[in-house]
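Remarks on the overall topology
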Amino acid sequence: MEVIIKADYKQMSAEAAARIADLVYHQPNAVLGLATGSTPLGLYKELIRLHRDDGLDFSKVITFNLDEYVGLPASHEQSYNYFMKDNLFDHINVNPSNIHVPNGMASDIEAYCLWYEDEIEAYGGIDLQILGIGSDGHIAFNEPASSLGSRTRLKTLTKQTIDDNARFFDDPTEVPHYAITMGVGTIMEAKTCILLASGKGKADTVAKAIEGPVTALITASALQLHPDAVFILDEEAASSLELHDYYQWVYENKPE
Ligand code: PGA
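A few points on the structure. Think of each chain on its own: its residues are numbered from 1, step by step along the sequence as written. It should be noted that, the model being predicted, local features are given only for residues of pLDDT at least 70 and side-chain atom pairs only at 80 or more, the latter also being counted only at that level, while totals for whole chains, interfaces and linings use all residues. Note that water and hydrogens are dropped before the side-chain values are worked out from all heavy atoms of the structure.

Geometrically, a pair of aromatic rings is defined through the distance of the ring centres and the angle of the planes. Classification of ring pairs uses Phe, Tyr and Trp, with its six-membered ring standing for Trp, and accepts pairs whose centres are within 6.5 Å; under 30 degrees between planes counts as stacked, over 60 as edge-to-face, and the remaining range as tilted. Evaluated as defined, the whole model comprises 10 aromatic pairs. Seen in terms of ring centroids, Tyr-69 and Phe-169 are 5.9 Å apart; in terms of plane orientation they differ by 75 degrees. Their pairing is edge-to-face. Of this pair, Tyr-69 sits in strand E4 (residues 67-69) while Phe-169 sits in the loop between helix H5 (159-165) and strand E8 (178-181), and the two are 100 residues apart along the sequence. Take Tyr-69 and Phe-169: they sit in the same class, and that class is buried. An aromatic cluster of at least three residues, connected via ring pairs, comprises Phe-64, Tyr-112, Trp-115, Tyr-116 and Tyr-123. Numbering of helices and strands runs from the N terminus, with a helix taken as a DSSP run of H or I at least four residues long and a strand as a DSSP run of E at least two residues long. Residue exposure (1.4 Å probe, protein chains only): buried if accessible area is under 20% of the type maximum, exposed if over 50%, otherwise partly exposed.

The structure is reproduced here in structure tokens:
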């Protein structure tokens, strides 16, 4: 596991963007796993800038998003389909037919989830998966007690996640209670996972995920078993880490 601590949100976002850009330059048809939420917004802004100013070419890139609320059509402003168009896809040259965001209006959710898994496999798997972390330790919508071997499926959100996400809705009672989410097992098959976290509010959860036991109660802790997991944190999100100084030391003294 690699733990990278950056001074602030802007530098955290730039580090993640540089890693995606590097992958896309070397592998133009890379399969990217993308996340929603407030954390990756700075990353997406930087990718848009790299596209506009440096010609970073997304025309052959394939994307798969982690999750979507059940019951929200793609046109709903709080749907993750809408979020991705608004904050990234409409501003880069990704081919719309290469974009995959779960369909929260699927009539047969079980069959849809199986199809989503097959589709990821058909593209050869995810090369680089971007993740946030919920205050309850979730990755995607894998809430506490999700199986660490879980696949894409319907998930009931925790009260904490519903409350956390209510800030985005005009009417907090409108937050859906169910989501389609990639499973922890699905995420663990990505070749590289990059988890981003920023702010003091995430510090204790981040410490549990990185330094606590591997437990279904903090599904992000499963990344401890991933062969290529990178946590990119800002100083505030890293502030509860016991080995904070060691991670800095490792980063600054990387062997050639
Ligand atoms: P946030 O959400 O980026 O809005 O904090 C993270 C998550 O719930 O995964």
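Another point: the sheet that holds E4. Reading across from one edge, E4-E8-E7 is the order of the 3 strands in this open sheet, with antiparallel pairing throughout. The open sheet is flanked by E4 and strand E7 (153-156), the only strands paired with a single partner. Taking each pair of neighbouring strands and ignoring which way they run, the sheet shows an average axis angle of 30 degrees. DSSP calls a pair of strands paired once it identifies at least 2 bridges connecting them. Structural elements are reduced to axes, namely lines fitted to C-alpha atoms, with helices fitted over the stretch in contact, and the angle between N-to-C directions of any two is expressed from 0 to 180 degrees.

With that out of the way, let us pick up the nonpolar core. The set of buried Ala, Val, Leu, Ile, Met, Phe, Trp, Tyr and Cys residues whose side-chain atoms join them within 4.5 Å is what this entry labels a nonpolar core. Leu-43, Leu-47, Leu-88, Leu-195, Leu-233 and Leu-241 are the most contacted members of the largest nonpolar core, which totals 71 residues. With 7 residues, helix H1 (residues 9-26) is the largest single contributor of residues to this core. The contact criterion used throughout is that any non-hydrogen atoms of two residues lie within 4.5 Å. When neighbours within four sequence positions are excluded, Leu-233 is seen to be in contact with Val-3, Ile-4, Ile-5, Lys-6, Met-12, Ala-197, Val-206, Ile-210, Ala-238 and Leu-241. Counting 10 residues, the second largest nonpolar core, distinct from the first, contains Phe-141, Phe-169, Val-175 and Ala-179.

Keep in mind that these numbers describe shape and distance, not what the molecule does.
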